[in-house]
Amino acid sequence: MTSWLKDAFENPKPVIAMLHLSALPGDPQYDSRAGMKAVVERARRELHALQEGGVDGVLISNEFSLPYLTDTEPITAISMARVIGELVDEIDIPYGVNVLWDGRASIDLAMATGAQYVREIFTGVYASDFGLWSTNVGEVARHRHRIGADHVKLFFNIVPESATYLAERDLESLTRSTVFATLPDALCVSGLTAGAPTNTQTLSIAKSAAGDVPVFVNTGVKAHNIADQLAVADGAVVGTYFKRDGVFENEVDSARVRELVSAANDFRKSS
């Protein structure tokens with residue numbers, strides 16, 4: 001299955017940048033005075049900074065829709081579709097979407113906007129900061145097929161942020177059963193929250209158990225550790241490090257993007 005990565009991305013072990021959208025209509029922190037125009041303009045600035053910095057892909061997410069819902073309201077995906085619709089002609093690299101935390105809505109948004117992949121929590125039952133979190137991957141997979149979105153690749157968060165898997169199962173067996181029974185296109189291994197380090201040992205366990213399914217390091221990637229992370233993982237998803245001063249709430253800093261991409265390129269050339 002790693003072959004699809006070669007078809008989708010120009011470089012091996014791709015660096016996928018998060019494009020964090022500002023709070024949207026319906027979100028507690030939405031700036032109704034500035035309106036959707038401000039959301040679009042910030043997204044445009046950050047998109048160009050990421051692309052100019054040389055990232056291999058972009059993942060568009062409603063990261064500032066805190067606190068998150070596990071069954072989102074329609075206004076969220078609709079607002080995201082507007083943003084993507086205004087920017088799509090300016091996106092020059094493969095792009096995906098993530099409607100936090102709603103797999104079905106993510107797939108719908110991908111299908112409507114031409115996104116090539118989604119990242120979401122598709123499997124498991126969790127005790128989370130957002131309440132009891134129960135998924136239904138069979139229903140989501142059938143929904144993807146029914147709407148003609150089989151081409152949309154699914155990135156499964158195997159160790160989700162802000163949540164604990166309720167079943168007493170080790171990561172190796174969890175990874176093996178997820179790969180066998182639920183047919184992910186890729187797995188994402190995370191730390192506790194956005195920007196939190198992903199333990200390399202945890203990443204190695206998931207990678208060894210995943211077989212041919214690509215494994216991405218999903219949080220805590222920095223310029224100084226990306227070589228170590230990519231030595232294990234098949235790619236990286238990066239968000240917080242690209243922000244000014246490495247602060248989650250800040251806008252993307254193009255210099256930090258170039259710094260990390262340069263470190264990734266050095267590793268890729270030498271491996």
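Rules and cut-offs
Per chain, residues are indexed from 1 in the order of the written sequence. Local features in a predicted model are, by the rule used here, given only for residues with pLDDT of at least 70; side-chain atom pairs are given and counted only at 80 or more, and totals for whole chains, interfaces and linings are based on all residues. Hydrogens and water are ignored here; the side-chain numbers use all heavy atoms of the structure. Paired strands are those between which DSSP finds at least two bridges. What counts as a helix is a DSSP run of H or I of at least four residues, what counts as a strand is a run of E of at least two, and both are numbered from the N terminus. To define axes, lines are fitted to C-alpha atoms, for helices over the stretch in contact only, and angles between the resulting N-to-C directions are given on a 0 to 180 degree scale. An expected span of 1.5 Å times one less than the residue number is assigned to each helix. Think of it in three bands: residues with accessible area under 20% of the maximum for their type are buried, residues over 50% are exposed, and the middle band is partly exposed, with areas taken using a 1.4 Å probe on protein chains only. Directions pointing from the helix axis toward each C-beta atom define the arc. Here, residues are in contact when the closest pair of their heavy atoms is within 4.5 Å. Within 3.5 Å is the distance limit for a polar contact, defined as a pair of N or O atoms, with the added protein rule that one can donate a hydrogen and the other accept it, and that residues adjacent in sequence qualify only through two side-chain atoms. By the criterion used throughout, a crossover qualifies as right-handed when its path from the first strand across the helix to the second strand runs clockwise, the strands pointing away from the viewer. Put simply, two rings from Phe, Tyr or Trp (the six-membered ring, in Trp's case) pair if the centres are within 6.5 Å, and we call them stacked under 30 degrees between planes, edge-to-face over 60, tilted for the rest. Only lysine NZ and arginine CZ atoms are considered, and such an atom sits over a ring when it is within 6 Å of the ring centre and within 35 degrees of the ring normal.

## Focus on the sheet that holds strand E6 (residues 131-134)
Hydrogen bonds between backbone atoms are what pair the strands of a sheet, whose relative direction is either parallel or antiparallel. Taken together, three strands build an open sheet; the order of strands is E6-E5-E8 and the sheet is antiparallel. Edge positions in the sheet fall to E6 and strand E8 (163-165), since each has one partner strand and no second. Averaged over neighbouring strand pairs, the angle between their axes works out to 30° when direction is ignored. Relative to E6, strand E5 (residues 125-128) runs antiparallel, the two sharing four bridges. Note that in E6 the partner of Ser128 across the bridge is Gly131.

## A few points about helix H9 (residues 254-270)
Between its first and last C-alpha, H9 extends 24 Å over 17 residues, near the 24 Å set by a 1.5 Å rise per residue. Within the sequence span of H9, burial applies to Arg256, Val257, Leu260, Val261, Ala264, Phe267 and Arg268. In a view along the axis of H9, the buried residues occupy a sector of 125°, so they form one face of it. Opposite its buried face, H9 presents the exposed residues Lys269 and Ser270, each directed more than 90 degrees away. In this structure, the buried side of H9 is in contact with strand E1 (15-20), helix H2 (35-53), helix H8 (226-230) and strand E11 (235-238). The distance from a side-chain oxygen at the start of H9 to the backbone nitrogen of Ala255 is 3.0 Å, and the residue carrying that oxygen is Asp253.

## Observations concerning the pairing of strand E3 (residues 95-98)
Sheet faces and side chains relate simply in a regular strand, where the side chains alternate between the two faces. Side chains Tyr95 and Val97 project from E3 onto one buried face, and the interleaved Gly96 and Asn98 project onto a second face that is buried too. By the bridge criterion, four bridges tie strand E2 (residues 57-61) to E3 in an arrangement that is parallel. Its bridge partner being in E3, Ser61 is matched across the sheet by Asn98. On the question of chirality, the crossover connecting E3 to the parallel strand E4 (residues 117-120) by way of helix H4 (residues 103-113) is right-handed.

## With respect to unusual backbone geometry
Residue Pro67 is bonded to the preceding Leu66 through a cis peptide linkage, with omega at -10°. For Pro67, the position within the fold is in the loop between E2 and helix H3 (74-87). The backbone of Lys13 shows a phi angle near 50°, a positive value even though the residue is not glycine. Structurally, Lys13 can be placed in the loop between helix H1 (3-8) and E1. Here the phi dihedral of Asp245 falls at roughly 65°; this positive angle occurs in a residue that is not glycine. Here Asp245 shows up in the loop between E11 and H9. According to the relative accessible area criterion, Asp245 is exposed, its value standing at 61%.

## Topic: the packing of aromatic side chains
Evaluation of the coordinates by the stated rule reveals twelve aromatic pairs. Centroid distance Tyr126 to Tyr165: 5.4 Å. Interplanar angle 70°. Geometry classified as edge-to-face. Of this pair, Tyr126 sits in strand E5 while Tyr165 sits in strand E8, and the two are 39 residues apart along the sequence. With a relative accessible area of 1%, Tyr126 lands in the buried category. A residue is classified by how much of its surface remains accessible, and Tyr165, at 23% relative accessible area, is partly exposed. Aromatic ring contacts, followed pair by pair, group Tyr68, Trp101, Tyr126, Phe130, Trp133 and Tyr165 into a single cluster. It is Lys243 that lies over the ring of Phe248; its NZ or CZ is 5.3 Å from the centre.

## Quick word on the sheet that holds strand E9 (residues 186-189)
Around the barrel, which closes on itself, the eight strands sit in the order E1-E2-E3-E4-E7-E9-E10-E11 with parallel pairing between neighbours. Neighbour to neighbour, the strand axes of the sheet diverge by 30° on average, direction disregarded. Sheet topology note: the E1/E2 ladder contains five bridges and is parallel. Looking at the pairing, Leu19 lines up with Ile60 of E2. Contacts from H2 reach E1 and E2 within the one sheet, and its direction differs from that of E1 by about 165°.

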